[in-house]
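Descriptive analysis of the structure
Here is how the chains run, residue by residue.
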Amino acid sequence: MQKGWTTTKLIAAGSFGVLAFVLALFEAGIVAATGFALAGGVLGALLEPAIRLLCCHVIDRFGSATIMGLILGLLAIPIAFQGPPGFVPKVITQLIGGIGTDLMYLLLKRKKILASAVIGGVNRIIYLLLILQIGRWFGMPGIEEAAAAFTSPIVVG
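What you see is a predicted model; the values in this text were computed from it and never measured.

The next thing to look at is the environment of Gly17. The topology assignment puts Gly17 in helix H1 (residues 7-34). The class of Gly17 is buried, set by a relative accessible area of 0%. Taking the C-alpha atoms as reference points, Gly17 and Phe138, 121 residues apart in sequence, are found 24 Å from one another.

This is the structure in structure tokens:
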């Protein structure tokens, strides 16, 4: 088996990004139907980390989640996924999240179950904080309402 990156691994990492985008279309539909910026977050909180984790396990190379995030972020610009349509900083969010996922996987890849739990759980919290902070920096519409919703006793408790 070849070490390092191959064309097949690069295509596979990009394909995981496309798969995550296709599934994010459902999340964008929920956001469009409700008008609430993070309404599709439940679906996204389950599907995207699972695909990102699958990408790490299948490709098993540092940078696979970053490539996946770059593709997902670029494709997600025109839809209501992790921000309003046309909100270009969502690419930055996906890149930072991909680098974080790659680092966590690099540290924990010998313990696959622990890596799955950490990447699936902790990464969602990191994404939420990133989206809220980048949304505030760039004046994303509805971000203050979303921040208030996530600090409400119903969501926290």
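Inspection of the secondary structure puts Ser64 in helix H3 (residues 64-75). For Ser64, the side chain forms a polar contact with the main-chain oxygen of Arg61, separated by 3.1 Å.

What follows deals with the side chain of Thr66. As for its placement among the helices and strands, Thr66 is situated in helix H3. A relative accessible area of 18% places Thr66 in the buried class. One polar contact links Thr66 to Asp102, side chain to side chain, over a distance of 2.6 Å. Once you skip the residues sitting within four places of it in the chain, Thr66 turns out to touch Leu95, Gly98, Ile99 and Asp102.

Cut-offs used in this document
Residues numbered from 1 in each chain as written. Predicted model: local features only at pLDDT ≥ 70, side-chain atom pairs only at ≥ 80, totals over all residues. Heavy atoms only, no water. Helix = DSSP H or I, 4+ residues; strand = E, 2+ residues; numbered from the N terminus. Buried < 20%, exposed > 50% of the residue type's maximum accessible area, 1.4 Å probe, protein only. Polar contact = N/O pair within 3.5 Å; in protein donor to acceptor, adjacent residues only side chain to side chain. Contact = heavy atoms within 4.5 Å.

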